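Here is how the chains run, residue by residue.
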There are 2 protein chains.
Amino acid sequence: MEAVAAVSPGWAPGEPEQAEGAGEAGAVGEAGAAEAAAERFARACWSGIAEPGDAVAGHLVSTLGAADALRCLVDRLPAASIIGLLQDAGGDAPNDAAVEAGLERWRPRLAASSALTALRQAHRCGARLVVPGDREWPAGFAGLGPHQPLALWVRGRPNAVLGLRSAIAIVGARAASGYGEHVAMELSAGLADRGFGVASGAAYGIDGMAHRSALASSGQTFAFLAGGVDRFYPTGHDALLARIAEVGVVLSELPCGSAPTKWRFLQRNRLIAAASLATVVVEAGVRSGSLNTAAHAAALGRPLGAVPGPVTSPSSAGCHRLLREFDAVCVTTAEEVVQLVAEPAPGQFQPELRGLPALEAPQRAGPRGDVAGPVGGRRRPAEHVRVLDAVSRRALRSAEEVAQRAGLSVGSAQAALGALGLEGVVEEKDGGWRAVPAG
Amino acid sequence: MEAVAAVSPGWAPGEPEQAEGAGEAGAVGEAGAAEAAAERFARACWSGIAEPGDAVAGHLVSTLGAADALRCLVDRLPAASIIGLLQDAGGDAPNDAAVEAGLERWRPRLAASSALTALRQAHRCGARLVVPGDREWPAGFAGLGPHQPLALWVRGRPNAVLGLRSAIAIVGARAASGYGEHVAMELSAGLADRGFGVASGAAYGIDGMAHRSALASSGQTFAFLAGGVDRFYPTGHDALLARIAEVGVVLSELPCGSAPTKWRFLQRNRLIAAASLATVVVEAGVRSGSLNTAAHAAALGRPLGAVPGPVTSPSSAGCHRLLREFDAVCVTTAEEVVQLVAEPAPGQFQPELRGLPALEAPQRAGPRGDVAGPVGGRRRPAEHVRVLDAVSRRALRSAEEVAQRAGLSVGSAQAALGALGLEGVVEEKDGGWRAVPAG
């Protein structure tokens, strides 16, 4: 923690919520400021230690504070002591096994902790750290409960993140048709014209068109990345993302230097859904990742819209499924998108969570025992997805290294490697593991 | 009523419901048979006297029986006496004014009654008369209450009407796109393959394609006409309707010789919705008449499906409106259409009537004080629609003649003519009325 002063201002408080009242700001005092700085630094560390959506980490950090939670980890406190601290703090404590498993997941990351590197990289690329309590912290994240991000890394002008309060997510397939791109463009421009921001995932296809069209209409746009904000992904959107960082906002819950993985894409989707007033899927195949964003929006009770298309077009099949199975609202114009977030007229359909089919249940129950969502053709347990993210086709990696990369305990990683080995998608060789190319 | 014997078998009982048990059939006896025949003939008369959907006529006929109700009219019984008879029969009586207005609507038609002509024409074209109590009477009509048809004129093989019990309505715009026609064809063929009949309105565009595709797949198909079954409409579908009369069924609640009018098209739509298990709108502009059929289906609590299309296509705008405002189910395949009528799976959307916007309220409140539905650009009171149906651009017609053609009392017709005259859509000349061409 001695390094705190060295990395300012990359991690330094932008504008804490408390500072809004001048009197209060004075009352915080020097000790308070030091504590806030420590808390801030610990949040930065945690954002690299726990994988996105880790509910046990979220619980620990929100109950004990990030700094004390980190101290538990650094001091190698046993699970029982940590549970004692949680109970003393008056919180519900997760069970012993959950905390034990969490410690096993986090320790390998702590050893290799690159928080300082991440902070330096953030400083270099002009990224700021935003944490709960900051005025810029998106209010919508509260709906995520213990799954809310531990920190947010942001590139954009000061306070630009505040625009998320009137942003609507426009998402969709990478493999978009001309029709889908045209509609994404129309909706995004229409929202910008009406003073709404446009949030999306910066992917090719619908996402990119939504961002571009908002920029072209001088609207606010917000790009949520699955990796660090210092490395733009996809690389073909380098220029687009650089432009968004300039006049809009690029955000990630992962520290600089983090690679995007399939798991992180799925978890990134929950941020898009939670930060926005509503989510609209413009075009999506039946397995499109944007359906995962839609499922998050529905589970959060946020308005969900879907744009219909020809029934003969596979690119619209996912949208039609949302209309059929998720009670998504059929939207065809920007005006109708805005109606999603307006006061419902009497007798008008009120979007709410009802009868969600089990298949599309969103991934909010923490990183263990989850399923990875409808992406990628087949449904795998969350840990398998994360282990597959962590193995390489070329390099052999030890189970320990896989565990650290995946943010899993060594035991969990070994179990997953074994199961995936039986499936034939990974193989062991000379004591290391590697991915087996499909087909 | 002496003419009854002369017109057999055009009007003769096909197969009364009671005849199904052989013992019962014997018990009916000769007097019973004569009474049934009289009832049957009276129904045929009523089908030409009251305009479709006349709830007062429906109430009178269902409470007193068609023959006694007709006798009231022939004997010029005052409204008070008729109400007395209704009360004696144990039914709820409509108020004095409603019965009085009904008598004024029906009397001009009684004077010009062409029941015998209609029966002769029916005989000539091979049409049968089906009345409530007959085995062939569509069970779905019960949902219409007093608005159910007084009789049904049918061309098709004996008992073919029974196929309606497993028929689904496929309807849509006349101005269909290639996309819409393609989808109508696919859905209709898919339903035929799965053993479902296809009901529609024989119009150009979607309707015609639905019938044709069912025929091509050797499926059962049911064409509901707005005029008599002896005069096929539209004339361009002469050959198609002749083919349907041969292997499917052509039906109308109006006696042979009746012309189709705008009012009758709207009322015909209620029969399509009521007779079918579910209604699917394939393609519809925002003012398409098929939205009226959809509104009837929704009001009857029948499953309602809508096929989405490109949001850039005006031909799909009505379908998208059904999805948004009517909670219509998005259907994209025949399989999904069948699911509309299958047992709903747990958590699946259950079509039901909720929060229908006032704009699209269907026309089931009887012929007085109604609105004509979303067809034709502007919304007019029902009586205005019917008076416009009854005036000609060329011939001058007296208010009495207009009243008889419209199935209205002379007073109502005069009031409507006056109002329409103020609007400038009709004009009076030499004591007669005629329509003023638009523009």
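Each value, and the rule that gives it
- As a convention, each chain's residues are numbered from 1 in the sequence order in which they are written.
- Think of it this way: whatever chain is written first is A, whatever ligand is written first is 1, and the rest follow in order.
- Totals for whole chains, interfaces and linings use all residues, but because this is a predicted model, local features are given only for residues with pLDDT of at least 70 and pairs of side-chain atoms are given and counted only at 80 or more.
- Side-chain figures throughout are based on the complete set of non-hydrogen atoms in the structure, without hydrogens or water.
- UniProt positions are given in the numbering used here, feature names are shortened, and annotations may be inferred rather than shown by experiment.
- Per the convention used, a helix needs a DSSP run of H or I reaching at least four residues, while a strand needs a run of E reaching at least two, with both numbered from the N terminus.
- Think of it in three bands: residues with accessible area under 20% of the maximum for their type are buried, residues over 50% are exposed, and the middle band is partly exposed, with areas taken using a 1.4 Å probe on protein chains only.
- The contact rule is simple, with two residues in contact once any of their heavy atoms fall within 4.5 Å.
- Per-residue accessibility takes into account occlusion by the displayed protein chains alone, with areas from the Shrake-Rupley method and a 1.4 Å probe.
- In short, buried area is how much 1.4 Å probe accessible area vanishes from two parts on joining, totalled over both.
- Criterion for a salt bridge: a side-chain nitrogen of Lys or Arg within 4 Å of a carboxyl oxygen of Asp or Glu.
- A 3.5 Å cut-off defines polar contacts: any pair of N or O atoms within that distance qualifies, except that in protein one atom must be a possible hydrogen donor and the other a possible acceptor, and neighbouring residues in sequence count only when both atoms are side-chain atoms.
- Each residue gets one label: Ala, Val, Leu, Ile, Met, Phe, Trp, Tyr, Cys and Pro are nonpolar, Asp, Glu, Lys and Arg are charged, and the others, such as Gly, are polar.
- Least squares is the method for superposing the copies, and the C-alpha atoms it fits come from residues with pLDDT of at least 70 in both.
- In this scheme, strands are said to pair when DSSP sees at least two bridges between them.
- This arc describes the spread of directions from the helix axis toward the C-beta atoms.
- For our purposes a nonpolar core is just a set of buried Ala, Val, Leu, Ile, Met, Phe, Trp, Tyr and Cys residues, chained together by side-chain atoms within 4.5 Å.
- Only C-alpha atoms enter the line fits that serve as axes; for helices the fit covers just the stretch in contact. Angles between N-to-C directions range over 0 to 180 degrees.
- Note on terminology: angles under 35 degrees are roughly parallel, angles over 145 are roughly antiparallel, angles of 65 to 115 are roughly perpendicular, and the others are oblique.
- Crossings are sorted by hand: turned counterclockwise from the far helix by less than a right angle, the near helix makes the crossing left-handed, and turned clockwise it makes it right-handed.
- Between the rings of Phe, Tyr and Trp (Trp by its six-membered ring), a pair exists once the centres lie within 6.5 Å; its type follows the angle of the planes, with under 30 degrees stacked, over 60 edge-to-face, and the other angles tilted.
- For every residue, the predictor reports its confidence as pLDDT, a number between 0 and 100.
- The definition of a right-handed crossover adopted here requires that, viewed with the strands pointing away, the path from the first strand over the helix to the second runs clockwise.

- Per an unreviewed UniProt entry, chain A carries the name DNA protecting protein DprA and comes from Subtercola boreus.
- Taken directly from UniProt, the Sequence similarities (unreviewed entry) text for chain A runs: "Belongs to the DprA/Smf family."

## Focus on the overall build of chain A
For step 1, the next point in the chain: Along chain A, the regular secondary structure elements total 16 helices and eleven strands.
For step 2, the next point in the chain: By the burial criterion, 55% of the 439 residues in chain A qualify as buried.
For step 3, the next point in the chain: For chain A, the share of sequence-separated contacts (at least 6 apart) that also reach a separation of at least 24 residues comes to 72%.
For step 4, the next point in the chain: Within the structure as shown, chain A displays about 16,900 Å² of accessible surface, and the carbon and sulfur contribution to it stands at 52%.

## A closer look at the interface of chain A and chain B
For step 1, the next point in the chain: The interface is formed by 24 residues belonging to chain A together with 23 residues belonging to chain B.
For step 2, the next point in the chain: Note on chain A versus chain B: buried area summed over both sides is about 1,800 Å², and carbon and sulfur give 61% of it.
For step 3, the next point in the chain: Three residues, Val311(A), Arg324(A) and Cys330(A), lead the burial of chain A against chain B; their summed loss comes to 36% of the area buried on that side.
For step 4, the next point in the chain: The tally of links between chain A and chain B comes to two salt bridges.
For step 5, the next point in the chain: The interface formed by chain A and chain B contains six residue pairs in polar contact (both at pLDDT 80 or more).
For step 6, the next point in the chain: Sorting the residues of the side of chain A that touches chain B by element identifies helix 7 (178-193), helix 12 (317-325), strand 9 (329-330) and helix 13 (334-341) of chain A as the ones contributing at least two each.
For step 7, the next point in the chain: Tallied by class, the residues present in the side of chain A that touches chain B amount to eleven nonpolar, nine polar and four charged.

## Comments concerning the relation of the copies chain A and chain B
For step 1, the next point in the chain: Here chain A sits on chain B after a turn of 180° about the axis and a move of 0.1 Å along it, with an RMSD of 0.0 Å. Viewed as a symmetry operation, the transformation between the two copies matches a two-fold axis. It is Gly309(A) whose C-alpha, among those of chain A, lies nearest the rotation axis, at 2.3 Å.
For step 2, the next point in the chain: An overlap of 96% is found between the interface residues of chain A and their copies at the interface of chain B, pointing to a shared contact surface.

## Digging into the sheet that holds strand 8 (residues 304-306) of chain B
Strand pairing in a sheet relies on backbone hydrogen bonds. The paired strands run either parallel or antiparallel.
Residue and element names in this part refer to chain B.
For step 1, the next point in the chain: Strand order across the open sheet formed by nine strands is 1-2-6-5-4-3-7-8-9, with mixed pairing between neighbours. Edge positions in the sheet fall to strand 1 (128-130) and strand 9 (329-330), since each has one partner strand and no second.
For step 2, the next point in the chain: Alignment of strand 4 (residues 197-200) against strand 5 (residues 221-224), held across three bridges, turns out to be parallel. Its bridge partner lying in strand 5, Val198 is registered against Thr221.

## Some details on helix 9 (residues 238-247) of chain B
Residues and elements named next belong to chain B.
For step 1, the next point in the chain: Among the residues making up helix 9, those that are buried are Leu240, Leu241, Ile244 and Ala245. Along helix 9, the residues classed as buried sweep out an arc of 140° about the axis, all on the same side. With respect to the buried face of helix 9, the exposed residues turned more than 90 degrees away are Ala239 and Glu246.
For step 2, the next point in the chain: Where helix 9 is buried, its residues meet strand 2 (152-156), helix 8 (206-216), strand 5 and strand 6 (249-252).

## Section: the nonpolar core
For step 1, the next point in the chain: Ranked by internal contacts, the top residues of the largest apolar core, which has 76 residues, are Phe224(A) and Phe224(B).
For step 2, the next point in the chain: Contact partners of Phe224(B), with chain neighbours within four places excluded, come to Phe141(B), Leu164(B), Ala199(B), Ser200(B), Gly201(B), Leu251(B), Arg268(B), Leu271(B), Ile272(B) and Ala275(B).

## Structural notes on the sheet that holds strand 9 of chain A
Residues and elements named next belong to chain A.
For step 1, the next point in the chain: In space, the nine strands of this open sheet follow the order 1-2-6-5-4-3-7-8-9, with mixed pairing throughout. The sheet is open, and its two borders are formed by strand 1 (128-130) and strand 9, each paired with just one other strand.
For step 2, the next point in the chain: Packed onto the sheet, helix 8 (residues 206-216) meets strand 3 (167-171), strand 4 (197-200) and strand 5 (221-224) and runs at close to 155° relative to strand 4.
For step 3, the next point in the chain: Helix-sheet contacts for helix 11 (residues 290-299) involve strand 3, strand 7 (279-281) and strand 8 (304-306), and the interaxial angle to strand 7 is about 150°.

## Describing the packing of helix 10 (residues 262-275) of chain B against helix 11 (residues 290-299) of chain B
Residues and elements named next belong to chain B.
For step 1, the next point in the chain: Running from N to C, helix 10 and helix 11 point in directions that differ by 50°, and their axes come no closer than 8 Å. With respect to their mutual orientation, helix 10 and helix 11 come out oblique. Helix 10 and helix 11 meet at a crossing whose hand is right-handed. Residues Leu266, Asn269, Arg270, Ile272 and Ala273 of helix 10 form the contact with helix 11, whose own contacting residues are Asn292, Thr293, His296 and Ala297.
For step 2, the next point in the chain: For the contact of helix 10 with helix 11, the per-class residue count stands at four nonpolar, four polar and one charged.

## Focus: helix 12 (residues 317-325) of chain B
Because an α-helix completes one turn every 3.6 residues, residues spaced three or four positions apart along the sequence face the same direction.
Residues and elements named next belong to chain B.
For step 1, the next point in the chain: Counting buried residues in helix 12 gives seven out of nine residues, a clear majority hidden from the surface.
For step 2, the next point in the chain: All buried positions along helix 12 are accounted for by Gly318, Cys319, His320, Arg321, Leu322, Leu323 and Arg324.
For step 3, the next point in the chain: Positioned one or two residues after helix 12, Asp327 has a phi angle of 55°, which is positive.

## So, the environment of Arg194(B)
Residues and elements named next belong to chain B.
For step 1, the next point in the chain: Turning to its location among the elements, Arg194 is positioned in the loop between helix 7 (178-193) and strand 4.
For step 2, the next point in the chain: For the pair formed by Arg194 and Ala334, sequence separation is 140 residues and the distance between their alpha carbons is 8.7 Å.
For step 3, the next point in the chain: Residue contacts for Arg194: discarding those within four places in its chain leaves Ala334, Glu335 and Val338.

## Some points on the packing of aromatic side chains
For step 1, the next point in the chain: On inspection of all chains with the given rule, the structure shows six aromatic pairs over all chains.
For step 2, the next point in the chain: Aromatic side chains Tyr233(A) and Phe265(A) sit 5.7 Å apart centroid to centroid with 55° between the ring planes, which places their arrangement in the tilted category. Of the two residues, Tyr233(A) is situated in the loop between strand 5 and helix 9 (238-247) and Phe265(A) in helix 10 (residues 262-275); the sequence distance between them amounts to 32 residues.
For step 3, the next point in the chain: Taking the relative accessible area as the measure of exposure, Phe265(A) reaches 25% and is therefore partly exposed.
For step 4, the next point in the chain: Here Trp46(B) and Trp106(B) contribute two aromatic rings whose centre-to-centre distance is 5.3 Å and whose plane-to-plane angle is 85°, an arrangement assigned as edge-to-face. You can see Trp46(B) sitting in helix 1 (residues 22-49) and its partner Trp106(B) sitting in helix 5 (residues 96-111), a full 60 residues away along the chain. No difference in accessibility class separates Trp46(B) from Trp106(B), as the two residues are buried.

## Details of the pairing of strand 2 of chain B
Residues and elements named next belong to chain B.
For step 1, the next point in the chain: For strand 2, the buried fraction is high: five of the five residues fall into the buried class.
For step 2, the next point in the chain: Across four bridges, the pairing between strand 2 and strand 6 is antiparallel. Residue pairing across strands places Arg155 opposite Val250, the latter belonging to strand 6.

## Here's the deal with the confidence of the model for chain A
Residue and element names in this part refer to chain A.
For step 1, the next point in the chain: Counting all residues, the mean pLDDT for chain A is 85, and 84% of those residues have values of 70 or more.
For step 2, the next point in the chain: pLDDT under 50 marks residues 1-25. Its contacts with residues more than four places away, or in other chains, come to 37 contacts.
For step 3, the next point in the chain: Taken together, the stretch residues 343-377 has pLDDT below 50 and engages in 84 contacts with residues farther than four places along the chain or on a different chain.

## Digging into the packing of helix 8 of chain B against helix 9 of chain B
Residue and element names in this part refer to chain B.
For step 1, the next point in the chain: Helix 9 packs onto helix 8 with a crossing angle of 45° between their chain directions and a minimal axis gap of 11 Å. Viewed along their axes, helix 8 and helix 9 adopt a mutual orientation that is oblique. Like other packed secondary-structure pairs, helix 8 and helix 9 cross with a definite hand, here left-handed. In this structure, helix 8 uses Gly208, His211, Arg212 and Leu215 to contact helix 9, whose residues at the interface are Leu240, Arg243, Ile244 and Val247.

## Remarks on the pattern of salt bridges
For step 1, the next point in the chain: Enumeration over the complete set of coordinates arrives at 29 salt bridges over all chains.
For step 2, the next point in the chain: Residue Arg194(A) pairs with Glu335(A) through a salt bridge whose shortest N-O separation is 3.1 Å. Of the two residues, Arg194(A) sits in the loop between helix 7 and strand 4 while Glu335(A) sits in helix 13, which places them 141 residues apart along the sequence.
For step 3, the next point in the chain: Taking the shortest distance from any N to any O, the salt bridge between Arg105(B) and Asp54(B) comes out at 3.1 Å. Residue Arg105(B) is found in helix 5, and its partner Asp54(B) is found in the loop between helix 1 and helix 2 (55-64); the two are separated by 51 residues along the sequence.
For step 4, the next point in the chain: Taken together, the shared-partner salt bridges in this structure form one network comprising Glu51(A), Arg109(A) and Arg264(A).

## Let's talk about the pairing of strand 4 of chain B
Residues and elements named next belong to chain B.
For step 1, the next point in the chain: Judged by which residues are buried, strand 4 turns out to be covered on both faces: Gly197 and Ala199 on one side and Val198 and Ser200 on the other are all buried.
For step 2, the next point in the chain: Sheet topology note: the strand 3 (residues 167-171)/strand 4 ladder contains three bridges and is parallel. The partner of Ala167 across the bridge, within strand 4, is Gly197.
For step 3, the next point in the chain: With helix 7 bridging strand 3 and the parallel strand 4, this β-α-β connection has right-handed handedness.
For step 4, the next point in the chain: With helix 8 bridging strand 4 and its parallel neighbour strand 5, the resulting β-α-β unit is right-handed.

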